Amino acid sequence: MNNTLTNRRSFIKKMAALSAMTAAASLFPGILFAEEQIKGIPDGDLEWKKGPCRFCGVGCGILVGVENGKAVAVKGDPNSSVNKGLLCVKGYHQIMCIQASDRLKYALVKKNGKYVETPLDEALDLVAEKMKDTIEKHGKDSVAMYTSGQSTIPEGYVASKFMKGAIGTNNLDCNARLCMASAVTGFLTTFGADEPMGCYEDIDHADYFITWGNNMAEMHPVLFSRMLEQKNRRGAKIIDFATRTTRSSMASNKSILFEPQTDLAVANAICYEIIKNGWVNKKFVEEHVNFNKGLTNIGYGLEDKFSFKDKATKINFEEYKAFLADYTPEKVAKYSRVSVKDIKYLAAIYGDPNKKVVSYWCMGMNQHTRGTWINNLVYNIHLLTGKISQPGNGPFSLTGQPSACGTAREVGTFTHKLPKGVVTNKKHRELAAKIWKVPVDRIPSKPTYHATEMFRAVDRGDIKFIWTQVTNPLVSLPKTSRYRPAMEKESCFVVVSDVFPTPTSDVADVILPASWHIEKSGMYGNSERRTQQWDKMIEGPGETKPDAWMTIEVAKRMGYGDLFPYSEENHAEEIYNEYIQFHKGAKHGMAPLEVLKEQSGAIWPYVNGKSTQWRFNAEYDPACTNGKDFHFYGKKDGKAVIWQRPYEPAPEVPSAEYPFWLNTGRVIEHWHTGSMTRRIPVLHKAMPNAYLELHPEDAKTLGISNGENVKVTSKRGSCIMPASINERGLPTKGQVFAPFFDENLMINDVTIDAFCPISKEPDYKKCAVKVEKV
Amino acid sequence: MPIKSYLAHPQEDKKQALFEALSKIEQCEVIPAKNEDLLIVVTDTNSQEEEDKLKKLMENIDSLKLLSMVSGFNTPKND
Ligand code: SF4
């Protein structure tokens, strides 16, 4: 072994040790190793470049070690206040997918049923020609783009400018509709302004963390380890309120299980108790809160072209109180399966004026046919008690994707959105037209298709051209049993930009080879309103290009070149500088590029050179101008809204024929549909395939043992997968759970495409299935 | 030529015994945590077969409760 190789091996051994230490730190916060062991890795010729992690909405800061133009190592960024040097197993191994042997390096065009490698320029010509031709023949609303909460800010921005400003159609939506839309409508209806008011530093101050249907130990592992650290150090308490026992439940101080959908009733019962026991913060409520009720029996969106518009009616505190009489702990305990004692226990935590409480949630509350309502209801609890917008006190809606906030929500890659505001608002359209330098009439004032309806329109033949970027809808949509054949239809020309082949690229007419995360420059925005920037770190293989650049190239070919005057080398920065004009001002000002380059992210509103950590609180937020301690300036009168929202059942509940609830979700090892993480050998080996978790008693009744194949069937489709009993998670009796990362075991063939009528976000957590041994 | 790292959880009160047993194995480097019942093991072997054998050997140590792999690198191929 020559000297270089020996050095190399010793370097890799240090890396391996460091990776184990990082993993150990997430299991045992505060764990220490002898000093001489952690002196760090020899730097060699490595250059460490900063950026955000590719994988989840926590937005950990990473440092990528680059040597001779290759990414060879990843470590947590100790300067990032998000993760303070820690990473989870996905974050640590992220760069290992880049070199996967089936990486998409060149454009592929389907010719006579076969994919033919094609020069990228030619493929982009074809995409532009098809798009133009389709518009000419069938109108602007016959073409669509479907992007992602993993698109960078510049990628989302040019997609919006291209579709809404150049072509003039609102046929743009994104996969964040499937994960975050209810959070958005929750924020807008209650506060008139999107995104959480607090920040991760809340973790260092809270006495209680109450997680609502949120398995943070697996989904937000670095934040969860920060919470565990506070539990161990200061005795902070974690209460897990969920429908299934998970790793998070096991690490919490208390686990409370509820019957699916009844979180609505329990939240109301908590408010009932708060009022009954005199725990209302009267001064706060009088000064800062209005009461509204909305429509009821609002449907589930199961039929094509479903439409619904909520109507708010003002009510008073007494009317709200009378409404809550239906939600006494005794009444709610009967159908929620949460004991009266536990409901009172939760209410007492929120009601205690001397305890600081943060509520965390993510998909459990958002992927819910009453997703907007349950978001409103948890805000009600915090508003009644005045526990909001202060360090350690507040409701905190977490995101799943790394830029669901930064791109999907802030840039606004939804059909109804613009980078600032909504298409239905004339002033917002005028601002967009001014910055984009397009005639205001070109931006249509009516939203068109949200995600589910967009794929229904493909199925009906109404959409004849669709371009997907950074997403894999044929694994992630609900009821893929309908949408896969829809996308295979001749009537729609499908363009897929991606890094690896997926079941979605399998049905594409053109596949465009996208740059991966660190092969391009960009910005992401995480769950705590933190914008993080990174510079291109390595060259991508073959003819790969950033998605933003491919959109620009197609726009140019369609005659919109003057709207996209950016340079290839520097387009991400040029686009960001244009974009931040939309958010100027104290309420949403974004940090300038120079700041983002220097530090590990900045939280908006970024005002007078400072991040605003707690919005709506005059002590921290310069946008508060009402002269009071709090100012909910998203609403015209500066007051937040407590919403009267009832419990309504799920659209499909277990029956004699389909006796189980099906719940779906993620596992720590895999990111979303697994297209990246399943190409990382360590992660793939740790979790090679999906499975169906059953309660041991249900398994016994059905004669099913661990590992045996079972068939899970709904009215929409079925899937055969191995049973998992007493392994990672434990569903309650009468419930089964399957992760959705495995494209070979497609649980979304089984799920239902019912959605929240207000947010249009589908419910992946509840439908009725039967389970049979095969 | 695989290099792997593991988290080794000892049986109750057996951290020292596990440390000693693992340290005796030539291909293992062991880093004990100072304040938790946990050891980090980095293994360095010449082939996958050797690595598999080594893993079996480690798993047979009485004082070991659980061995979980954290990362694996195969050098110099993946360098
Ligand atoms: S917690 Fe999320 S952001 Fe942090 S390292 Fe893991 S996957 Fe990446």
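A.B. asks: In this structure, what is going on with the overall build of chain B? I would like to understand it.
C.D. replies: Helices and strands together make up the secondary structure of chain B, namely two helices and four strands. The order of α-helices and β-strands along chain B, N terminus first, is β-α-β-β-α-β. In chain B, which comprises 79 residues, the share counted as buried stands at 46%. When contacts within chain B are restricted to residue pairs at least 6 apart in sequence, those whose partners lie at least 24 apart make up 66%.

A.B. asks: Can you walk me through the overall build of chain A in this structure?
C.D. replies: Scanning chain A for helices and strands turns up 25 helices and 31 strands. For chain A, the C-alpha radius of gyration of 25 Å lies close to 28 Å, the compact-globule estimate for 774 residues. For chain A, the spread of C-alpha atoms along the principal axes amounts to about 70 × 70 × 60 Å. Residues classed as buried in chain A amount to 65% of the 774 residues present. Within chain A, contacts between residues separated by at least 24 positions form 73% of all contacts whose residues are at least 6 apart in sequence. Counting every atom, chain A has about 26,300 Å² of accessible surface; 49% of that belongs to carbon and sulfur. Of the charged side chains in chain A, 99 are positive and 87 negative, and the gap between their average positions amounts to 3 Å.

A.B. asks: How do you make sense of empty space enclosed by the protein when you look at a structure like this?
C.D. replies: Empty space among the atoms can be located by rolling a probe the size of a water molecule over them. All names here are of chain A. All told, the structure shown has four cavities of 30 Å³ or more when counted by the stated rule. Its volume calculated, the second largest cavity comes out at about 80 Å³. Together, Cys53, Phe55, Cys56, Val58, Cys60, Leu87, Cys88, Lys90, Gly91, Pro221 and Val222 line the second largest cavity. For the lining of the second largest cavity, the elements supplying multiple residues, two or more each, are helix H2 (89-93) and helix H7 (221-234). Of the residues contributing to the lining of the second largest cavity, the split by class is nine nonpolar, one polar and one charged.

A.B. asks: Would you mind going over helix H5 (residues 181-191) of chain A with me for this structure?
C.D. replies: For an α-helix the count is 3.6 residues per turn, leaving residues at separations of three or four pointing the same way. All names here are of chain A. Burial of H5 is extensive: ten of the eleven residues sit out of reach of the surface. Of the residues making up H5, those classed as buried are Ala181, Ser182, Ala183, Val184, Thr185, Gly186, Phe187, Thr189, Thr190 and Phe191. In this fold, the buried residues of H5 make contact with helix H14 (363-366), helix H15 (371-385), strand S15 (394-397), helix H16 (404-412) and strand S24 (640-644). One or two steps after H5, the chain reaches Gly192, where phi turns positive at roughly 70°.

A.B. asks: I tried to follow the nonpolar core on my own but got confused; where do I start?
C.D. replies: Here is a general trend for soluble globular proteins: nonpolar side chains tend to be buried in one another's company. All names here are of chain A. One finds Phe162, Trp467, Leu512 and Phe564 to be the most contacted residues of the largest nonpolar core, which totals 138 residues. Examining the composition of this core, we find that nine residues originate from one element, helix H1 (residues 3-27), more than from any other. When residues no more than four places from it in sequence are discounted, the contact partners of Phe564 are Val158, Lys161, Phe162, Ala166, Ile552, Ala555 and Lys556. Counting 63 residues, the second largest nonpolar core, distinct from the first, contains Ala269, Ile274, Trp361 and Met365.

A.B. asks: Which parts of the structure should I look at to understand the confidence of the model for chain B?
C.D. replies: Close inspection of predicted coordinates is inappropriate for parts of the model with low pLDDT. Residues and elements named next belong to chain B. On average, residues of chain B carry a pLDDT of 84, and 87% of them reach 70 or more. The secondary structure element of chain B with the lowest average pLDDT is strand S4 (residues 64-74), at 70, and the one with the highest is helix H1 (residues 15-23), at 95. For the stretch residues 75-79, pLDDT sits under 50, and the model shows nine contacts to residues farther than four places along the chain or on other chains.

A.B. asks: For this particular structure, what's the right way to read the site of the ligand?
C.D. replies: All names here are of chain A. With respect to spatial proximity, the complete set of residues near the ligand consists of Cys53, Phe55, Cys56, Gly59, Cys60, Leu87, Cys88, Lys90, Gly91, Pro221 and Val222. Among the cavities detected, the one that contains the ligand is the second largest cavity. Elements supplying a minimum of two residues to the shell around the ligand: H2 and H7. When grouped by side-chain class, the residues that make up the shell around the ligand number eight nonpolar, two polar and one charged.

A.B. asks: For this particular structure, what's the right way to read helix H17 (residues 426-436) of chain A?
C.D. replies: Residue and element names in this part refer to chain A. Of the positions making up H17, those classed as buried are Arg429, Ala432, Ala433, Ile435 and Trp436. Buried positions along H17 lie against helix H4 (153-167) and helix H22 (571-579). The N-cap residue of H17 is Asn425: its side-chain oxygen and the backbone nitrogen of Lys427 are 2.8 Å apart. Among the residues trailing H17, Lys437 stands out with phi positive, at a value near 60°.

A.B. asks: Can you walk me through the sheet that holds strand S8 (residues 208-212) of chain A in this structure?
C.D. replies: Each strand in a sheet pairs with its neighbour through backbone hydrogen bonds, running either in the same direction (parallel) or in the opposite one (antiparallel). Residue and element names in this part refer to chain A. Spatially, S11-S9-S8-S14-S15 is the arrangement adopted by the five strands of the open sheet, whose pairing is parallel. Since the sheet does not close on itself, it has two edges, and those belong to strand S11 (254-257) and S15, each with one partner. Across the sheet, the mean angle separating the axes of adjacent strands is 20° when strand polarity is ignored. Sheet topology note: the strand S14 (residues 357-361)/S15 ladder contains four bridges and is parallel. The residue bridging Tyr360 from the neighbouring strand is Phe396, located in S15. Running at roughly 130° to S8, helix H13 (residues 340-351) makes contact with S8, strand S9 (237-242), S11 and S14 of the sheet.

What counts, and at which threshold
Residues numbered from 1 in each chain as written. Chains lettered and ligands numbered in written order. Predicted model: local features only at pLDDT ≥ 70, side-chain atom pairs only at ≥ 80, totals over all residues. Heavy atoms only, no water. Helix = DSSP H or I, 4+ residues; strand = E, 2+ residues; numbered from the N terminus. Buried < 20%, exposed > 50% of the residue type's maximum accessible area, 1.4 Å probe, protein only. Contact = heavy atoms within 4.5 Å. Rg over C-alpha atoms; globule rule 2.2 N^0.38 Å. Areas by Shrake-Rupley, 256 points an atom, 1.4 Å probe, with all protein chains shown as cover. Lys, Arg positive; Asp, Glu negative; His and termini not counted. Charge placed at Lys NZ, Arg CZ, Asp CG, Glu CD. 1 Å grid on protein atoms, 1.4 Å probe; cavity = no way out; pocket = protein on both sides within 12 Å on 5 of 7 lines; lining within 4 Å. Points joined across faces, edges and corners; volume = space filled by probe spheres on them. Nonpolar A, V, L, I, M, F, W, Y, C, P; charged D, E, K, R; others polar. Core = buried A, V, L, I, M, F, W, Y, C linked by side-chain atoms within 4.5 Å. pLDDT = per-residue confidence, 0-100. Near = heavy atom within 4 Å. Sits in = over half its atoms within 2 Å of the grid points. Polar contact = N/O pair within 3.5 Å; in protein donor to acceptor, adjacent residues only side chain to side chain. Pairing = 2+ DSSP bridges. Axes fitted to C-alpha atoms, helices over the stretch in contact; angles between N-to-C directions.

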